[in-house]
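Each chain, written out:
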Amino acid sequence: MYPLSPPSITVLDRALEDPLSANRVERMLTALGTDLASVARATDADIPELIRTHGWHDARLRQGRLGAHADPAIVFSTLRIDDPPATEPVLEACPAGTPARLVRDLLGHGGRGVARENFTSKRGVCRARVQFGTIFGCPHGCQSCAGGKVAVVNTNVEEFIRKQVIPAAEAEPWQKVFMYNSALSDTPCFEPEYGMSELLINYYATTADQHYLIHTKSANVDWLLDLGHRGHTILLWSLANDTAARVIEPRSGSPDERIEAARRCQLAGYPIRFKLKPIVPVKGWREDAAYTA
């Protein structure tokens, strides 16, 4: 994991109900330099008061509106895969302006989603982007992202893989690439202690031609290098120029660090991809872009 200094750490009690989930919480707390006895405990009923006490009512604003970058608070929770509770009753008890998105995150909504269109095998040439979310919040501090201030880390990963990942892969063989935590987080920030990526790498390595896609801005890749991926895990780096990375993405890897991380992963046999983003109109962008390329 990144060396983080969250302003608060909260463990929802349901994250401790399953032994595998509880072990993940304790492992991540150790990496954060603390333990279960030293952090706050809460239940779903406490969510409105948590938001009120910590000032999280603005936690899903774009981070450029929140002032100087700081590490997010961390809440350990679980995905409610079978029957996520209604958001509205909890939201009504929250401070004015609290985003429904944050309340959904804290209540355990998440898992599989499909970008822009309903999933069907009859869409023609272009497939929808199948995406799964288990972490909502990120320490990279990207100014355009609404994932700052609070990171909700869902720890029932084994249940999630059993109930959503494997059934989706088996039922939808035409879908060749599955993306995780690229909408509001960046999984490598929390690895290897989180442990989801290794489980997914191991699973997709057993499939005939389906792939796990890790979309990242991180250079935290040491934990990846010895895993048996069989070429079924793709690493995709967003690559900004140096000025944009320093100013717009303050806690992410620098362009040079990302390229070096990609080189090392390529030597370990991973398929490597890049995309150039964000494109920011800063002074000297041509020279920055030329150097990055």
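These lines cover the structure that appears in this document, whether it is placed above or below. Bear in mind that the values here come from a model prediction, so they are computed numbers and not experimental data.

Let's talk about the nonpolar core
Within soluble globular proteins, side chains that are nonpolar tend to cluster in buried spots.
(1) Moving on: Among the nonpolar cores identified, the biggest contains 52 residues, and Phe76, Phe160, Tyr180, Phe190 and Leu224 are the most heavily contacted of them.
(2) Moving on: Not counting residues up to four positions away in its chain, the partners in contact with Phe190 are Met1, Leu4, Met28, Ile135, Gly137, Pro139, Ala151, Val153 and Ser185.
(3) Moving on: Of all hydrophobic cores here, the second largest spans 22 residues; its members include Leu12, Trp56, Ala146 and Leu184.

Quick notes on the sheet that holds strand 3 (residues 73–77)
(1) Moving on: Here 5 strands make up an open sheet; going across it, the order is 2-1-3-7-6 and the pairing mixed. The outermost strands of the open sheet, each flanked by one partner alone, are strand 2 (40–42) and strand 6 (135–136).
(2) Moving on: As paired strands, strand 6 and strand 7 (residues 150–154) are joined by 2 bridges and run antiparallel to one another. What sits directly across from Phe136, in strand 7, is Val152.

Quick word on unusual backbone geometry
(1) Moving on: Residue Pro192 follows Glu191 across a cis peptide bond; omega there is 5 degrees.
(2) Moving on: Positionally, Pro192 belongs in the loop between strand 8 (177–180) and helix 6 (196–204).
(3) Moving on: Look at the link from Lys277 to Pro278: it is a cis peptide, with omega at -5 degrees.
(4) Moving on: Mapped onto the elements, Pro278 comes out in the loop between strand 11 (272–276) and helix 9 (285–292).
(5) Moving on: Located in the positive-phi region is Asn181, a residue other than glycine, with phi close to 55 degrees.
(6) Moving on: Taking relative accessible area as the criterion, Asn181 reaches 2% and is therefore assigned buried.
(7) Moving on: A positive phi angle, near 55 degrees, is found at Arg230, a position not held by glycine.

Looking at helix 8 (residues 255–267)
(1) Moving on: For helix 8, built from 13 residues, the straight-helix expectation of 18 Å at 1.5 Å per residue is met to within 8% by its first-to-last C-alpha distance of 18 Å.
(2) Moving on: All buried positions along helix 8 are accounted for by Pro255, Arg258, Ala261, Ala262 and Cys265. The buried side chains of helix 8 occupy one side of the element, clustering within an arc of 125 degrees when seen end-on.
(3) Moving on: Residues of helix 8 that are buried make contact with strand 10 (233–239), helix 7 (242–248), strand 11 and helix 9.
(4) Moving on: Backbone geometry just downstream of helix 8 places Gly269 in the positive-phi region, at approximately 95 degrees.

Considerations on the pattern of salt bridges
(1) Moving on: Tallied over the full model, the rule gives 17 salt bridges.
(2) Moving on: With a shortest N-O distance of 3.2 Å, Asp105 and Arg60 are connected by a salt bridge. Of this pair, Asp105 sits in helix 4 (residues 100–107) while Arg60 sits in the loop between helix 2 (47–54) and strand 3, placing them 45 residues apart in sequence. Exposure class is identical for Asp105 and Arg60. Each is buried.
(3) Moving on: Residues Lys217 and Glu249 are paired through a salt bridge, measuring 3.1 Å at the closest nitrogen-oxygen approach. Of this pair, Lys217 sits in the loop between strand 9 (211–216) and strand 10 while Glu249 sits in the loop between helix 7 and helix 8, and the two are 32 residues apart along the sequence. Neither residue differs from the other here; Lys217 and Glu249 are each classed as buried.

Details of the environment of Ala59
(1) Moving on: Along the polypeptide, Ala59 turns up in the loop between helix 2 and strand 3.
(2) Moving on: On a C-alpha basis, the gap between Ala59 and Asn156 in space is 23 Å, while along the polypeptide they are 97 residues apart.
(3) Moving on: Beyond its immediate chain neighbours, meaning those up to four positions away, Ala59 contacts Leu102, Ala146, Gly148, Lys149 and Val150.

About the thresholds
- Residues numbered from 1 in each chain as written.
- Predicted model: local features only at pLDDT ≥ 70, side-chain atom pairs only at ≥ 80, totals over all residues.
- Heavy atoms only, no water.
- Core = buried A, V, L, I, M, F, W, Y, C linked by side-chain atoms within 4.5 Å.
- Buried < 20%, exposed > 50% of the residue type's maximum accessible area, 1.4 Å probe, protein only.
- Contact = heavy atoms within 4.5 Å.
- Pairing = 2+ DSSP bridges.
- Helix = DSSP H or I, 4+ residues; strand = E, 2+ residues; numbered from the N terminus.
- Expected span 1.5 Å × (residues − 1).
- Arc of directions from axis to C-beta.
- Salt bridge = Lys/Arg side-chain N within 4 Å of Asp/Glu carboxyl O.

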